[in-house]
Amino acid sequence: MRGRGVKVSHRAARGLTAGHPWVFRDSLLRPLEGKEAGDTIQICDEDGRPLGWGLCEPEGAIAVRIVERGPTLRWDDAELARRVEVAVALRRATLSPGVLHACRLVHGEGDGLPGLAVDRLGEFLLVYKYSRAAEAYLERLVPILAEQLSPAGIYMQDRVRGVVADERKPPAFHLHGKTAPPELEIEEDGLRFVVDVSAPVSPGLFLDLREGRRLAERLSAGRRVLNLFSFTGSFGVRAVRGGATKVVNVDAAARSHARCRQNLVASGMDPEACEAFTGDAFAFLERMRQRGERFDLVVVDPPPFSRVKGKVFSAMRDWEELLQATAHVVAPGGEILAISNAAKLDDGELLSSVGRGALMAEREAKLLSELGLPEDFPVPPAFGEGRYLQIKRLWLG
């Protein structure tokens, strides 16, 4: 497994010594040859000084994922168990009790277990596999998770292989323990949400948006709230508990609204507390503009890419148009929570698009505050690519 090492450019070496967890293929001084996914290899700078050890990726922009920064490789079962133990201890030390049973326990590179993540969803664990390199240690990791955390069952979503248009993703794979019910209730801050750990894409609650949901709840009292791209309505549920006078969820999928009603019931609320609109968000916004409808708080959480009835939305190019359309339905002095989880859309690009959109709607916009990933999604300080989530709180005059 420990074949001859590879050298990287001086620029890449500086990033690695600062804690960046990836070696990009274009920074290698020579190509990787004869290596399988997950093979360990030593990384050195141009002068041959050792920088650490990593797991090989046979293809793609990332060539090596760092697992050890010292001269000696530690990557046996005992070390895997130690890293899981440290990761779980961090969550217990930093998270409130109300979210310990719906949180991320292992966040890939941030916890020294590259290429995968592990979520706790009630009694079950859901593993996300993001890289071929992770396949090399996944079988060793599963019994460690079972021993340390005693879950009822463990599932895995394979996020390595891309899915072409119109192709359905397979459900999550059952790896260990008993099978989960299709409707499992989990708790977040005293609210209950129905999830499916075997679902092919998302179980039904994005754990990384927890701080955004908390903010929306704090801002909702006495306000008319619009929740665009509402998915299973978690922001809407928070707004209802926060005291909103009106909550409207907009999503292209009717099943998402059905799940929102289930979430409201599970949390002891009126299942009809949120109004539901099924269809295109842009069409809804135009209809509200023509009617003169206005909202005091609008949550805008689009997917990085979507296709609804032939219309394509891309976060990389369409935020400006989306913000312009949204600004038309925000009451004077109202607010927008603009949320982006597109890793390739950096902070400056998002804010520029948001600013242009507001001006095109002839509205004055001010950035009030910003949020990112919560405590259970740690990343190395030098790992800019890992800080993918942006939540911008905007005031519109």
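Asker: Before we go on, may I ask you to explain the overall build of the chain in this structure?
Answerer: Secondary structure assignment for the chain yields nine helices and 21 strands. Its C-alpha atoms give the chain a radius of gyration of 22 Å, near enough to 21 Å, the size a compact globule of 397 residues would have. Counting every position in the chain, which comprises 397 residues, the buried fraction comes to 54%. Partitioning the contacts of the chain with sequence separation of at least 6, the portion at a separation of at least 24 is 63%. Carbon and sulfur atoms provide 51% of the accessible area of the chain, an area that totals close to 17,600 Å². Distance between charge centroids for the chain: 1 Å, based on 54 positive and 55 negative side chains.

Asker: Help me understand the environment of L184 in this model?
Answerer: Assignment of secondary structure puts L184 in strand β11 (residues 184-188). Judged by relative accessible area, which is 11%, L184 ranks as buried. Excluding residues that lie within four positions of it along the chain, L184 makes contacts with L121, F124, F193, V194, V195 and V197.

Asker: How do you make sense of the packing of helix α2 (residues 77-94) against helix α3 (residues 135-149) when you look at a structure like this?
Answerer: To characterise two packed helices, one gives the angle between the axes of the helices and the distance between these axes. At a closest axis distance of 10 Å, the pairing of α2 and α3 adopts a crossing angle of 50 degrees. Classified by the interaxial angle, the pair formed by α2 and α3 is oblique. Between α2 and α3 lies a crossing whose hand is right-handed. Here D77, L80, A81, V84, E85 and V88 of α2 lie close against α3, whose contacting residues are Y137, R140, L141, I144, L145, Q148 and L149.

Asker: Please clarify how unusual backbone geometry should be interpreted in this entry.
Answerer: Generally, phi is negative for residues other than glycine and the peptide bonds are trans, each holding for most cases. The phi dihedral of D189 falls on the positive side, at around 50 degrees, and the residue is not glycine. Among the structural elements, D189 can be located in the loop between β11 and β12 (191-195).

The rules behind the values
Residues numbered from 1 in each chain as written. Predicted model: local features only at pLDDT ≥ 70, side-chain atom pairs only at ≥ 80, totals over all residues. Heavy atoms only, no water. Helix = DSSP H or I, 4+ residues; strand = E, 2+ residues; numbered from the N terminus. Rg over C-alpha atoms; globule rule 2.2 N^0.38 Å. Buried < 20%, exposed > 50% of the residue type's maximum accessible area, 1.4 Å probe, protein only. Contact = heavy atoms within 4.5 Å. Areas by Shrake-Rupley, 256 points an atom, 1.4 Å probe, with all protein chains shown as cover. Lys, Arg positive; Asp, Glu negative; His and termini not counted. Charge placed at Lys NZ, Arg CZ, Asp CG, Glu CD. Axes fitted to C-alpha atoms, helices over the stretch in contact; angles between N-to-C directions. Parallel < 35°, antiparallel > 145°, perpendicular 65-115°, else oblique. Left-handed = near helix turned anticlockwise from the far one by under 90°.

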